[in-house]
Amino acid sequence: MRFEDWDLAVLINACEVLIWVGLAVVVALRPLFPPVQPAQLLNEARLRRWMAIALVLFGLSDAVEIWSGAWWRPWWLLASKAACVITICALGSVLYLRSRENSAEIPKT
């Protein structure tokens, strides 16, 4: 597929690839900045690494979608998108709940 053949849907999917990969970079780099407590750093970094992998895979599935023409064709594309969404939601929920616990433990000065 040449760039001249791209329509609006293909262009949007290409932008989505960049958005998901960019979000993965942000998620992966977040533990490097405060206010992360040293005790939680290892667990949070591990979860965020898995979240970044899931986000990159989801972005790559959008790249496959460009060439397949649909998000449900071939069947494994739909299965991989579903697995990525479930993983992102599960890890996001765990990270959110942990951040709420950690913010409750940090004394306000």
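Parameters and conventions
- Residues numbered from 1 in each chain as written.
- Predicted model: local features only at pLDDT ≥ 70, side-chain atom pairs only at ≥ 80, totals over all residues.
- Heavy atoms only, no water.
- Helix = DSSP H or I, 4+ residues; strand = E, 2+ residues; numbered from the N terminus.
- Contact = heavy atoms within 4.5 Å.
- Buried < 20%, exposed > 50% of the residue type's maximum accessible area, 1.4 Å probe, protein only.
- Polar contact = N/O pair within 3.5 Å; in protein donor to acceptor, adjacent residues only side chain to side chain.
- Salt bridge = Lys/Arg side-chain N within 4 Å of Asp/Glu carboxyl O.
- Phe/Tyr/Trp six-rings, centres within 6.5 Å; stacked < 30°, edge-to-face > 60°.
- Patch = residues over 30% accessible without salt bridge, like charges linked within 9 Å, V, L, I, M, F, W, Y side chains within 5 Å.
- Areas by Shrake-Rupley, 256 points an atom, 1.4 Å probe, with all protein chains shown as cover.

J.: What is the right way to read the side chain of N13 from this model?
T.: With respect to the secondary-structure elements, N13 resides in helix α1 (residues 8-29). Non-local contacts of N13, meaning those with residues more than four positions away in its chain, are made with D62, E65 and I66.

J.: Is there a simple way to think about the side chain of K81 in this case?
T.: Among the structural elements, K81 can be located in helix α3 (residues 75-105). Owing to a relative accessible area of 9%, K81 belongs among the buried residues under this scheme. Of note is the side chain of K81, whose polar atom sits 3.2 Å from the side chain of S61. The residues touching K81, leaving out its near neighbours within four places in the chain, are F58, S61, D62, E65 and W71.

J.: I would appreciate a short explanation of the pattern of salt bridges in the present structure.
T.: Side chains that differ in charge, positive against negative, can pair when their charged atoms come close. Considering all chains together, one arrives at three salt bridges under this definition. Taking the shortest distance from any N to any O, the salt bridge between E44 and R48 comes out at 2.7 Å. Linking E44 with R48, this pair stays in helix α2 (residues 38-68), spanning four residues, or about one helical turn. The exposure classification of E44 matches that of R48, with both residues buried. Among the ionic contacts, a cluster of salt bridges with common partners joins D62, E65 and K81.

J.: Quick question: what am I supposed to make of the packing of aromatic side chains here?
T.: What characterises a pair of aromatic rings is the spacing of the ring centres plus the angle enclosed by the ring planes. Under the definition given, this model contains two aromatic pairs. When the ring of W20 is compared with that of F58, the centres are 5.0 Å apart and the planes differ by 85°; the resulting orientation is edge-to-face. Of the two residues, W20 sits in helix α1 while F58 sits in helix α2, which places them 38 residues apart along the sequence. Judged by its relative accessible area of 12%, F58 is buried. Look at W71 and W72: their rings are 5.4 Å apart centre to centre, the planes differ by 85°, and that puts the pair in the edge-to-face class.

J.: It is not clear to me how a nonpolar patch on the surface should be interpreted in this structure. Could you clarify?
T.: Side chains of V21, V25, L29, L32, F33, W50, I53, V56, L57 and L60 sit close together on the surface and give an oily, nonpolar patch of about 920 Å² of accessible area. Of all elements in the fold, only α1 and α2 reach the threshold of two or more residues within the nonpolar patch. Mapped onto the elements, L57 comes out in helix α2. Judged by relative accessible area, L57 falls into the partly exposed class, the value being 44%.

J.: Please clarify how unusual backbone geometry should be interpreted in this entry.
T.: Keep in mind that most residues, glycine aside, have a negative phi and that most peptide bonds are trans. For the bond running from R73 to P74, omega is -10°, close enough to zero to count as cis. Tracing the chain through its elements places P74 in the loop between α2 and α3.

J.: Is there a simple way to explain the environment of I66 in this structure?
T.: Considering the arrangement of structural elements, one finds I66 in helix α2. Judged by relative accessible area, I66 falls into the buried class, the value being 7%. Residues I66 and I12, 54 residues apart in the sequence, show an inter-C-alpha distance of 9.4 Å.

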